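# An overview of the molecular structure
The chain contents come next:
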Amino acid sequence: MSDNKVVLNYDGKSFEYPIIDSTIGDRGIDISKLRDQTGLITLDLGYKNTGATLSDITYLDGDNGELYYRGYPIEQIAEKSNFTEVMYLLLHGELPTSDQFQSFQKGINKYNFVADEMKKILDVFPRSAHPMGVLSSLTSALTAFNPRAVDVNSKEDLDHAAEMMIAKFSHLCAWTYRKKLGLPINHGDNSLNYVENFYKMCFRRPNEEFHLDPIVVGALDKLLILHADHEQNCSTSTVRMVGSAHTGLFASVSAGISALWGPLHGGANQAVIEMLELIEQDGGDVAKYVEKAKNKDDNFRLMGFGHRVYKNFDPRATIIKKAADDILNALGIEDKALDIAMQLERVALEDEYFVSRKLYPNVDFYSGIIYRALGIPTEMFTVMFALGRLPGWISQWKEMRLHNDPIGRPRQVYQGAQKRDYVDFSAR
Ligand code: SDX
């Protein structure tokens, strides 16, 4: 039986701190009284060893490369579920009955449109604007048109805000795609399911009959499921942090979009394709780029490789790698980038530098190859990640509010100037 407390000896005294038990995985030392009792705080750059909250939603086993949404293994969810059901599962904690599923779908369909004035905001952006910047701005602007979804406290208001956000967000994501291509925007079609509706809003041409390609819809559904939640990652922690100040849901998600944009986080899926294209243009010399990634004097990194938690294969990457192969074959597409990615993976995983640091392909390594095969432009890849992650952000935000988590406000170890008096200008 493991201990249920830790003892800290400091300044000739002993202090005990309780250990908080988990269902599975890391147990946590509750240090909420540490500073009052010892005058000390902890320091943990990047929060590598720090739990920010208690959560029931998603569990990652980084050592064994496992991922569970509300206890269900990602492999089973990806194979058997669909994105709308996964959104329900993450938000409500259980797989929906048929009635619950229908009512959830109906709740989303009720808001399957966006206020026309929002289009005026979209119009002022240049077509060259990065879609993630457009998406973050539009998402925050949604607050102005949906005041009831701002400072929500009751579970009913939280669920109403969630369904509204889910419905409207897919429009905003599709609009950033249409903006990039200078195409007129489409509105929602309640005769379609969530992923079909998004696909149609993205790809329907004003002058052509629209056909839903089941291979494309299936691929999009699987990718969105695989991105749906990932416990306390950078963007989700941002959504929780902003929401802990009782900021509204749309503004909290807007902050999460900005965090996801970074190339070390969700922006990596765009950076991976740009890296693969660079290697291809440079004659496909994979070994050269593996050496560059190992060279500390070179700021080149193997994008799509490595992970803060997974020190084994990212289970999502394993699923996406197989799906990439299947979808390219089904669509009859040859993509040199996939061959280069597979070569890169093979060379890196035989190299001591990567093996010793437990650096494996992550979710972003292969996803861009599928997005590209589906006709999605590279700059839209992280928008696709954001659409997938939306239910995770909302579920984590909802949990933070229902748990009444305190406002997030970390401390610091100050290493600046000593206290000193102001010096008049004339005396400097
Ligand atoms: C996502 O947190 C999540 O769950 C995120 C995510 C989600 O679903 O929300 O999974 C999505 O963001 C996936 C990660 C996408 N980012 C990338 O692919 C960018 C490339 N990867 C790295 O920048 C890095 O691996 C991180 C940011 C993902 C993780 O960084 P850590 O945990 O801070 O690790 P580190 O930078 O301290 O690296 C440890 C060592 C270092 O070498 P040493 O100082 O020990 O000699 O590994 C090296 C690093 O230099 N290293 C790499 C590398 N990643 C780490 N070297 C070359 N190429 C890389 N990609």
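So, here's what we can say about the structure. Owing to the predicted nature of the structure, the values given are computational and were not obtained by experimental measurement. (Residues numbered from 1 in each chain as written. Predicted model: local features only at pLDDT ≥ 70, side-chain atom pairs only at ≥ 80, totals over all residues. Heavy atoms only, no water.)

Per the secondary structure count, the protein includes 18 helices and six strands. Since a compact globule built from 428 residues should have a radius of gyration of about 22 Å, the 23 Å found for the protein is in line with a globular shape. Put simply, the protein has 428 residues, and 48% of those count as buried. Of the contacts made within the protein by residues no fewer than 6 positions apart, 71% connect residues no fewer than 24 positions apart. Total accessible area computed for the protein in this model is approximately 21,500 Å², and 50% of it derives from carbon and sulfur atoms. Charge separation in the protein, taken as the distance between the mean sites of 47 positive and 57 negative side-chain charges, equals 5 Å. (Helix = DSSP H or I, 4+ residues; strand = E, 2+ residues; numbered from the N terminus. Rg over C-alpha atoms; globule rule 2.2 N^0.38 Å. Buried < 20%, exposed > 50% of the residue type's maximum accessible area, 1.4 Å probe, protein only. Contact = heavy atoms within 4.5 Å. Areas by Shrake-Rupley, 256 points an atom, 1.4 Å probe, with all protein chains shown as cover. Lys, Arg positive; Asp, Glu negative; His and termini not counted. Charge placed at Lys NZ, Arg CZ, Asp CG, Glu CD.)

Before going further, it helps to examine the nonpolar core. Counting residues in each nonpolar core, the largest one holds 118 residues, and the members touching the most others are Tyr69, Phe169, Met275, Leu276 and Ile369. With near-sequence residues (within four places) excluded, Met275 lies in contact with Phe300, Arg301, Leu302, Met303, Leu344 and Phe365. (Core = buried A, V, L, I, M, F, W, Y, C linked by side-chain atoms within 4.5 Å.)

Turning to the site of the ligand, a few remarks are in order. Within the structure, the ligand sits among 25 residues, and His230, Arg301, His307, Arg308 and Arg316 are positioned closest to it. Within the contact set of the ligand, an oxygen atom lies 2.6 Å away from a side-chain nitrogen or oxygen of His307. Within the complex, the protein chains bury 79% of what would otherwise be the 1,100 Å² of accessible surface of the ligand. Taken together, the residues of the shell around the ligand break down into 10 nonpolar, seven polar and eight charged. (Near = heavy atom within 4 Å. Polar contact = N/O pair within 3.5 Å; in protein donor to acceptor, adjacent residues only side chain to side chain. Nonpolar A, V, L, I, M, F, W, Y, C, P; charged D, E, K, R; others polar.)

Along its 17 residues, helix H14 (residues 315-331) runs 24 Å from first to last C-alpha, staying within 8% of the 24 Å computed at 1.5 Å per residue. Taken together, the buried positions of H14 are Pro315, Arg316, Ala317, Ile319, Ile320, Ala323, Ala324, Ile327 and Leu328. On its buried face, H14 is in contact with strand E5 (66-69), helix H2 (74-80), helix H9 (214-226), helix H15 (336-349), helix H17 (364-373) and helix H18 (381-402). (Expected span 1.5 Å × (residues − 1).)

Across the sheet, three strands lie side by side as E4-E5-E6; this open sheet has antiparallel pairing. The open sheet has two edge strands with one neighbour each: strand E4 (58-61) and strand E6 (72-73). Note: E5 against E6, two bridges, orientation antiparallel. Within E6, the residue paired with Tyr69 across the bridge is Tyr72. (Pairing = 2+ DSSP bridges.)

On to the pairing of E5, then. Remember that side chains alternate between the two faces of the sheet whenever the strand is regular. Judged from the four bridges that link them, E4 and E5 form a sheet pairing that is antiparallel. By the bridge assignment for E5, Leu60 is matched with Leu67. The antiparallel pairing of E4 with E5 creates a hairpin that spans four residues between the two strands, and Gly65 there sits at a positive phi of about 65°.

Attention shifts here to the pattern of salt bridges. All told, the structure shown has 17 salt bridges when counted by the stated rule. In this structure, Asp123 and Lys119 form a salt bridge, with 3.0 Å as the shortest nitrogen-oxygen distance. Of this pair, Asp123 and Lys119 are both found in helix H5 (residues 117-123), four residues apart, which corresponds to roughly one turn of the helix. Notably, a salt bridge pairs Lys180 with Glu379, separated by 2.7 Å at the nearest N-O pair. With Lys180 in helix H7 (residues 155-181) and Glu379 in the loop between H17 and H18, the pair connects residues that are 199 residues apart, well separated along the chain. Residue class for Glu379 comes out partly exposed when judged on its relative accessible area of 24%. Here the salt bridges do not stand alone but share partners, grouping Lys155, Asp159 and Lys398 into one network. (Salt bridge = Lys/Arg side-chain N within 4 Å of Asp/Glu carboxyl O.)

Tracing the backbone shows Arg205 in the loop between helix H8 (194-203) and H9. You can call Arg205 partly exposed: its relative accessible area is 36%. The spacing of Arg205 and Phe15 is 190 residues in sequence and 67 Å in space, taken between C-alpha atoms. Sequence-distant contacts of Arg205, defined by excluding residues within four places in its chain, comprise Leu181 and Leu183.

For the rest of this paragraph, the subject is the sheet that holds strand E2 (residues 13-20). If you walk across this open sheet you meet the three strands as E1-E2-E3, and the pairing is antiparallel. The sheet is open, and its two borders are formed by strand E1 (5-10) and strand E3 (28-29), each paired with just one other strand. As paired elements, E1 and E2 share six bridges and run antiparallel to each other. Residue Val7 lies in a different strand from E2, and its bridge partner there is Glu16.

Approximately 150 Å³ is the volume attributed to the second largest pocket. If you trace the second largest pocket, you find it lined by Asp56, Ile57, Arg70, Leu91, His92, Gly93, Lys155, Ser395, Lys398, Glu399, Leu402 and His403. For the lining of the second largest pocket, the secondary-structure elements that each account for two or more residues are helix H3 (83-92) and H18. With four residues, H18 is the single largest residue contributor to the lining of the second largest pocket. By residue class, the composition of the lining of the second largest pocket is three nonpolar, four polar and five charged. (1 Å grid on protein atoms, 1.4 Å probe; cavity = no way out; pocket = protein on both sides within 12 Å on 5 of 7 lines; lining within 4 Å. Points joined across faces, edges and corners; volume = space filled by probe spheres on them.)

Moving on, we come to the packing of helix H10 (residues 234-243) against H18. Closest axis-to-axis distance for the H10/H18 pair is 9 Å, and the angle between their directions is 40°. Here the hand of the crossing between H10 and H18 comes out right-handed. Across the interface between the two elements, Ser235, Thr236, Val239, Arg240 and Gly243 from H10 touch Arg389, Trp393, Gln396, Trp397, Glu399, Met400 and Arg401 from H18. Class assignment for the residues of the contact of H10 with H18 results in four nonpolar, four polar and four charged. (Axes fitted to C-alpha atoms, helices over the stretch in contact; angles between N-to-C directions. Left-handed = near helix turned anticlockwise from the far one by under 90°.)

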